Structure formats: C-alpha cells, structure tokens
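In case you want the letters, here they are:
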Amino acid sequence: TENLKIGLLNVSKNTGLQGRWQQLGQNPKIICDTAHNKHGLAIVMKQIQKETFENLHIVLGVVNDKDLDSILPLFPKKAIYYFCRPNSSRGLDTEILKEAAKKHDLLGKKYNSVEDAFSAARKNAGQNDFIYVGGSTFVVAELPLK
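Residues numbered from 1 in each chain as written. Predicted model: local features only at pLDDT ≥ 70, side-chain atom pairs only at ≥ 80, totals over all residues. Heavy atoms only, no water.

Engineer: Tell me about the sheet that holds strand E6 (residues 130-134), and please be specific about residues and values.
Structural biologist: With mixed pairing, 6 strands are arranged side by side in an open sheet as E1-E2-E6-E3-E4-E5. The open sheet terminates on both sides in strands that have one partner only, identified here as strand E1 (22-25) and strand E5 (108-110). Mean inter-strand twist for the sheet, computed between neighbouring axes without regard to direction, equals 20°. Examined bridge by bridge, strand E4 (residues 80-83) and E5 share 3 bridges and lie parallel to one another. Each residue of the ladder has a partner; that of Phe83, found in E5, is Lys110. Seen against the sheet, helix H3 (residues 38-49) touches strand E2 (29-33), strand E3 (56-60) and E6 and runs at an angle of roughly 175° to E6. (Pairing = 2+ DSSP bridges. Helix = DSSP H or I, 4+ residues; strand = E, 2+ residues; numbered from the N terminus. Axes fitted to C-alpha atoms, helices over the stretch in contact; angles between N-to-C directions. Contact = heavy atoms within 4.5 Å.)

Engineer: Let's hear about the nonpolar core: which residues, and what values?
Structural biologist: If you look at the biggest cluster of nonpolar residues, it comprises 24 residues, and the most contacted ones within it are Leu72, Phe75 and Tyr132. Put simply, the parts of the chain that give this core at least two residues each are H3, E3, helix H4 (68-71), E4, helix H5 (94-102) and E6. Counting residues per element, this core draws most heavily on H3, which supplies 4 residues. Judged by nonpolar contacts, the second largest core, of 17 residues, contains Phe118, Ala120, Val133 and Val140. (Core = buried A, V, L, I, M, F, W, Y, C linked by side-chain atoms within 4.5 Å. Buried < 20%, exposed > 50% of the residue type's maximum accessible area, 1.4 Å probe, protein only.)

Engineer: Could you give an account of the packing of aromatic side chains, naming the residues involved and the relevant values?
Structural biologist: Taken as a whole and assessed by the stated rule, the structure comprises 5 aromatic pairs. Centre to centre, the rings of Phe75 and Tyr81 are 6.5 Å apart; their planes meet at 70°, and the pair counts as edge-to-face. Tyr81 sits in the buried class, given a relative accessible area of 1%. Pairwise contacts between aromatic rings join Trp21, Phe53 and Phe130 into one cluster. (Phe/Tyr/Trp six-rings, centres within 6.5 Å; stacked < 30°, edge-to-face > 60°.)

Engineer: Residue-level account of the side chain of Ser136, with values.
Structural biologist: Within the secondary structure layout, Ser136 lies in the loop between E6 and helix H7 (137-141). The residues touching Ser136, leaving out its near neighbours within four places in the chain, are Thr34, Ala35, His36, Gly61, Val62 and Val63.

Engineer: Any details on helix H6 (residues 114-124)? Residues and values, ideally.
Structural biologist: Among all positions in H6, only Val114, Ala117, Phe118, Ala120 and Ala121 are buried. Buried residues along H6 cover an arc of 160° about the axis, so they all sit on one side. Projecting away from the buried face of H6 at angles above 90 degrees are the exposed residues Glu115 and Lys123. On its buried side, H6 packs onto E2, E3, E4, E6 and H7. (Arc of directions from axis to C-beta.)

Engineer: Help me get a handle on the pattern of salt bridges, residues and values and all.
Structural biologist: Tallying each qualifying case throughout the model produces 4 salt bridges. When the shortest N-O distance is used, the salt bridge between Glu51 and Lys29 registers 3.0 Å. In this pair, Glu51 is assigned in the loop between H3 and E3 and Lys29 in strand E2, connecting sequence segments 22 residues apart. Of the two residues examined, Glu51 and Lys29, each falls in the buried class. Between Arg90 and Asp65 there is a salt bridge; the shortest N-O distance is 3.0 Å. Linking Arg90 in the loop between E4 and H5 with Asp65 in the loop between E3 and H4, this pair joins segments that are 25 residues apart in sequence. Overlapping salt bridges, with partners in common, bring together Asp65, Lys66 and Arg90 in one network. (Salt bridge = Lys/Arg side-chain N within 4 Å of Asp/Glu carboxyl O.)

Here it is in structure tokens:
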C-alpha cells in the first residue's frame, strides 16, 4: 500500500495528468481539480473541509449540461464565489450559474472569463486563505498549471 500511496501522490509527475487536486500556489494555498460530477465534487469538498484556512475562495464554472441542483448543494455556503464561464461552446452562462448558486446560498460575483475570476480570487485572498478552482475540466484547462 505504500507504493500505491506514493504513486497516487505523484500522478501528475508519473502520467502527465494535471488538474487532480493540483496545487498551484502556497500562501494562499491554491488548488485546482477537474472533478465535475456529483461523486467527484463530493470527494473534493470533503478534502477542502480537511484543510486549515481563514477564508475560502471558490472559482467556479461549469458546462451547460450540468444538473446544478445535484452539484451546487455540495459546495460550502461559507465561501466567496467567483463565477465564470469556461471558454467553450458548452460553457454555462455566468448569470445562470450565479442565479442557480444563489438559490443554494452560494454568493459571489460573476466574471467575464476564468482568467478574470482567478485573478480576482488571487487579489482578494489573504496569505492564510484557500483558493479552489474547478467545476469543469474546461475551467482547469484555462489555468496556468506550471
């Protein structure tokens, strides 16, 4: 099991696969993850709960086939949201996402792009905060992952 653990901790390095609980920064800690369905997002949200931070910032974008009523309840209410639309023909309009999130008490602002949302989160976050970026593989694909 130790070899398995080491393998899982080094998935990006070993396979080139990026965007699975990938750390992009420290102080604030920045994590992106490509989880985009109820099962995957539930795991990611549980992992976020294990983290220590002052404020949680969530950059969130999804595609237009998502069942928002099944995934939005998984997200923490006590977070600052940065709603965005991935640059894809399937990207869900930011206003629709923001309004759906509001029904689940998830509050924040909308941004014109993933880059704008991510920049705003980085600007607003303190050193002891945590930034999570996700909701769609398309959102993570627009981040500078190096």
